[in-house]
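For reference, the chains in residue letters:
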Amino acid sequence: MSDSKQQYVIAIDQGTTSSRAIVFDHNGNIVSVGQKEHEQIFPRAGWVEHDPEEIWTNVREVVGTALSKANLTRHDIAAVGITNQRETAVVWDRVTGKPVYNAIVWQDTRTQSIVDELARDGGADRFKAKVGLPLATYFSGTKIKWILDNVEGAREKAEKGELMFGNTDSWVVWNLTGGVDGGAHITDVTNASRTMFMDLDTLQWDETILQIFGVPRTMLPEIRSSSEVYGTVHGSQLLREVPVAGILGDQQAATFGQAAFGVGDAKNTYGTGNFLIFNTGEEKIMSENGLLTTVAYKIGDAPQVYALEGSIAVTGSLVQWLRDNLGIIKSAPEIEQLAEAVEDNGGVYIVPAFSGLFAPHWRADARGVIVGLTRFVNKNHIARAALEATAFQTREVLDAVNADSGVPLTELRVDGGMVANDALMQFQADILGVDVVRPEVVETTALGAAYAAGLAVGFWNDTAELARNWNEGKRWSPQMDPEERDRQMRLWNKAVTRTFDWVDEDVR
Ligand SMILES: Nc1ncnc2c1ncn2[C@@H]1O[C@H](COP(=O)(O)OP(=O)(O)O)[C@@H](O)[C@H]1O
Ligand SMILES: O=P(O)(O)OC[C@H](O)CO
């Protein structure tokens, strides 16, 4: 350890629905947590925004909460690690430090016409060989272009070098390290790999793609590794002088926190959406089955590690929709009781293609369906079908991973808010036909960011030491008859086809 007085690392997890700060000890155990939700702003159908200033205020507040709950000060903290909702785009003024527009969130679909226009010349996969991603509204690139095209004066300012872009990692780190007073404008390779602009081989911004999008290079942060000392905190008294030493996009951070360091290791995170990441080591595999190629992490000067990713847009947010839009449940955990009150889904399948379908289909023209309705169906069946939708979508992604890698996964490590749901986890094991395993510490996202930061300052020595901290919490084994599993998947696949081709010029 670098300094025996400093027995803790703090992670800031800037997520889609909330910001969290978590203090970890040397064994990777949670010491204290601060958490605060921020407003979800829906100005129009398909638009999702966050207020970057609210996020920065909340980040400082949750750091204060976490430190005070554990009776700690900055002198007890060896390093701070940052993890974040990926793709969400913030553009701010270099001189005033003020955002020129709200953050456009990863789920936002307003840029579909930009995607269509770019795809007209070369198809949706025209940049895939270089950046690992298909053209889609999901990634940061079209969101930045939208801000430059639609916010008055933004393009002129950007061309004069007066604007900065970042995902929420860059926004938080710039503010933490001093903001207008010399803040570091940086990001890490994992976040950069979600913009559409980073060459996966060189790990640098690609000038040709930037020109095609019309995004000035000067707006973009410097790309750094995921684990190194980037600077120290100056923008918050609470952590003043503490090294900022780790940045990982939240799904890559969860992979790190699950100690999925070996080729073929995988994790699946069940939050607002689901994100399965499969470590492919130093080999960059281009998916032929609808997965993304992304950077898993890069520790200091060591070579980068790549991954295949299956991103599912709507899983936990379908549970929120049942709560907020239908009022069938009062709280998310209540869905388990409702779902378990019936023996099966009563023939109902819900495909939550609220913003089209992400992996493995990538269908922007899809919209959600509930199929199989009869007079027999009640709210319990709907609740059950909503939970099952998460498990079916995960099975589709796992099938794609197995097809791309050629080596079937034998068990799946899971984490995220939904894995508290035993009924879902059992159904997941049933529908996958492999064991589902939850670690003792399920806050793997924050843990991964803490690990990245701790490695950089010598708080932990190497990934082998981190892997020894991983302990199994609970395991679910498949109990479903294989014929029933196949029947269920056939019906699910049929339901998925019913979502296609919904959006045309009549439907917005
Ligand atoms: N017991 C539960 N059963 C099903 N879904 C749940 C349960 N508890 C939380 N969720 C869902 O999990 C999500 C929150 O998970 P979390 O990992 O905190 O999300 P995120 O990091 O994406 O903000 C919410 O969408 C919520 O609906
Ligand atoms: O903040 P989360 O956990 O919903 O994760 C969002 C993902 O990073 C989007 O790609």
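Just so it is clear, the structure is predicted and the values come from calculations on it, not from any experiment. (Residues numbered from 1 in each chain as written. Chains lettered and ligands numbered in written order. Predicted model: local features only at pLDDT ≥ 70, side-chain atom pairs only at ≥ 80, totals over all residues. Heavy atoms only, no water.)

**Let's talk about the site of ligand 2**
Taken together, Gly15, Thr16, Gln85, Arg86, Glu87, Trp106, Tyr138, Asp250, Gln251, Thr272 and Phe275 are the residues near ligand 2. Between ligand 2 and Arg86, the relevant distance is 2.9 Å, taken from an oxygen atom to a side-chain nitrogen or oxygen of the residue. In this structure, an oxygen atom belonging to ligand 2 sits 2.6 Å away from a side-chain N or O atom of Glu87. Its free accessible area being 310 Å², ligand 2 has 90% of it covered by the protein chains. Its residues assigned to classes, the shell around ligand 2 shows three nonpolar, five polar and three charged. (Near = heavy atom within 4 Å. Polar contact = N/O pair within 3.5 Å; in protein donor to acceptor, adjacent residues only side chain to side chain. Areas by Shrake-Rupley, 256 points an atom, 1.4 Å probe, with all protein chains shown as cover. Nonpolar A, V, L, I, M, F, W, Y, C, P; charged D, E, K, R; others polar.)

**Description of the packing of aromatic side chains**
Enumeration according to the criterion identifies 23 aromatic pairs in this entry. Both rings, one in Phe256 and one in Phe261, keep their centres 5.1 Å apart while their planes meet at 85°; by these two values the pair is edge-to-face. Overall, the relative accessible area of 1% leaves Phe256 in the buried class. A network of ring pairs unites the aromatic residues Trp106, Tyr138, Phe139, Phe275, Phe358 and Trp362 as a single cluster. Here the basic side chain of Arg110 rests over the ring of Trp47, its NZ or CZ set 3.7 Å away from the ring centre. Arg413 extends its terminal NZ or CZ atom over the ring of Trp470, reaching a point 3.7 Å from the ring centre. (Phe/Tyr/Trp six-rings, centres within 6.5 Å; stacked < 30°, edge-to-face > 60°. Buried < 20%, exposed > 50% of the residue type's maximum accessible area, 1.4 Å probe, protein only. Lys NZ or Arg CZ within 6 Å of the ring centre and 35° of its normal.)

**Some points on the packing of helix α1 (residues 52–69) against helix α6 (residues 168–176)**
Between α1 and α6, the shortest axis-to-axis distance is 11 Å and the interhelical angle comes to 60°. Judged on the interaxial angle alone, α6 and α1 are oblique. By crossing handedness, the relation of α1 to α6 is classed as right-handed. Along its contact with α1, which presents Pro52, Glu53, Trp56 and Val59, the element α6 presents Trp171, Val172, Asn175 and Leu176. (Axes fitted to C-alpha atoms, helices over the stretch in contact; angles between N-to-C directions. Helix = DSSP H or I, 4+ residues; strand = E, 2+ residues; numbered from the N terminus. Parallel < 35°, antiparallel > 145°, perpendicular 65-115°, else oblique. Left-handed = near helix turned anticlockwise from the far one by under 90°. Contact = heavy atoms within 4.5 Å.)

**Here we look at the sheet that holds strand β20 (residues 435–439)**
Taken in spatial order, the seven strands line up as β15-β16-β14-β13-β19-β20-β21 in an open sheet, and their pairing is mixed. Either end of the sheet is taken by a strand with one partner, and the two such strands are β15 (292–297) and β21 (472–476). On average, adjacent strands in this sheet sit at an angle of 30° to one another, irrespective of strand direction. Against the sheet, helix α12 (residues 379–405) makes contact with β13 (266–270), β14 (274–281), β16 (305–312) and β19 (411–415), and its axis sits at roughly 15° relative to β14, the strand it touches most. (Pairing = 2+ DSSP bridges.)

**What about the pattern of salt bridges?**
This structure, assessed with the given rule, holds 31 salt bridges. With its nearest N and O atoms 3.9 Å apart, the salt bridge here joins Glu162 to Lys160. The exposed category is assigned to Lys160, whose relative accessible area is 61%. For Arg363, the salt bridge is made with Asp501, and the minimal N-O distance between the two is 3.3 Å. (Salt bridge = Lys/Arg side-chain N within 4 Å of Asp/Glu carboxyl O.)

**Let's talk about the sheet that holds strand β12 (residues 243–249)**
Read across the open sheet, the six strands follow the order β3-β2-β1-β5-β12-β11; overall the sheet is mixed. A single partner strand is all that each edge strand has here, and the edge strands are β3 (30–37) and β11 (227–232). Averaged over all pairs of adjacent strands, the angle between strand axes in this sheet comes to 25°, irrespective of strand direction. One ladder, built from seven bridges, connects strand β1 (residues 8–14) with strand β5 (residues 77–84); its direction is parallel. By the bridge assignment, Ile10 is partnered in β5 with Val80.

**Quick notes on the site of ligand 1**
Every one of the 15 residues lining ligand 1 counts as a neighbour, but Thr17, Thr272, Gly316, Gly417 and Asn421 are closest to it. One of the side-chain N or O atoms of Gln320 is found 3.1 Å from an oxygen atom in ligand 1. At 2.9 Å, a backbone N or O of Gly417 approaches an oxygen atom of ligand 1. Among the elements that take part in the shell around ligand 1, helix α10 (residues 316–326) stands out by supplying four residues, more than any other. Across the shell around ligand 1, the residue classes tally to five nonpolar, nine polar and one charged.

**Section: the nonpolar core**
Soluble globular proteins tend to pack their nonpolar side chains together in the buried interior. Ranked by internal contacts, the top residues of the largest apolar core, which has 106 residues, are Met196, Phe197, Phe213 and Val215. The residues touching Val215, leaving out its near neighbours within four places in the chain, are Ile144, Leu148, Phe197, Leu210 and Leu220. In this structure, Tyr8, Ile10, Trp56 and Val242 belong to the second largest nonpolar core, which totals 33 residues. (Core = buried A, V, L, I, M, F, W, Y, C linked by side-chain atoms within 4.5 Å.)

**Here's the deal with the UniProt feature "binding site: glycerol" (unreviewed entry) in the chain**
UniProt tags Arg86, Glu87, Tyr138, Asp250 and Gln251 as "binding site: glycerol" (unreviewed entry). Beyond its immediate chain neighbours, meaning those up to four positions away, Arg86 contacts Trp106, Tyr138, Asn191, Arg194, Gly249, Asp250, Gln251, Gln252, Phe275 and Glu309. If you trace the backbone, Asp250 turns up in helix α9 (residues 250–257). Since its relative accessible area comes to 11%, Asp250 is described here as buried. A polar atom in the side chain of Asp250 sits 3.3 Å from the side chain of Gln251. (UniProt positions renumbered as here; feature names shortened; annotations may be inferred.)

**Some details on unusual backbone geometry**
With an omega of -5°, the peptide bond between Ala359 and Pro360 qualifies as cis. Inspection of the secondary structure puts Pro360 in the loop between β17 (349–351) and β18 (369–371). At Leu203, a residue that is not glycine, the phi angle is positive and equals roughly 60°. Along the chain, the position of Leu203 falls in the loop between α7 (189–192) and α8 (207–213). A residue is classified by how much of its surface remains accessible, and Leu203, at 9% relative accessible area, is buried.

**Regarding helix α16 (residues 482–497)**
Under the 1.5 Å per step criterion, the end-to-end length of α16 is 23 Å for 16 residues, consistent within 8% with the ideal 22 Å. Along α16, the residues that are buried comprise Arg485, Gln488, Met489, Trp492, Ala495 and Val496. When α16 is viewed along its axis, its buried side chains cluster within an angular range of 120° and face the same direction. Relative to its buried face, α16 has exposed residues pointing more than 90 degrees away, namely Glu483 and Arg490. (Expected span 1.5 Å × (residues − 1). Arc of directions from axis to C-beta.)

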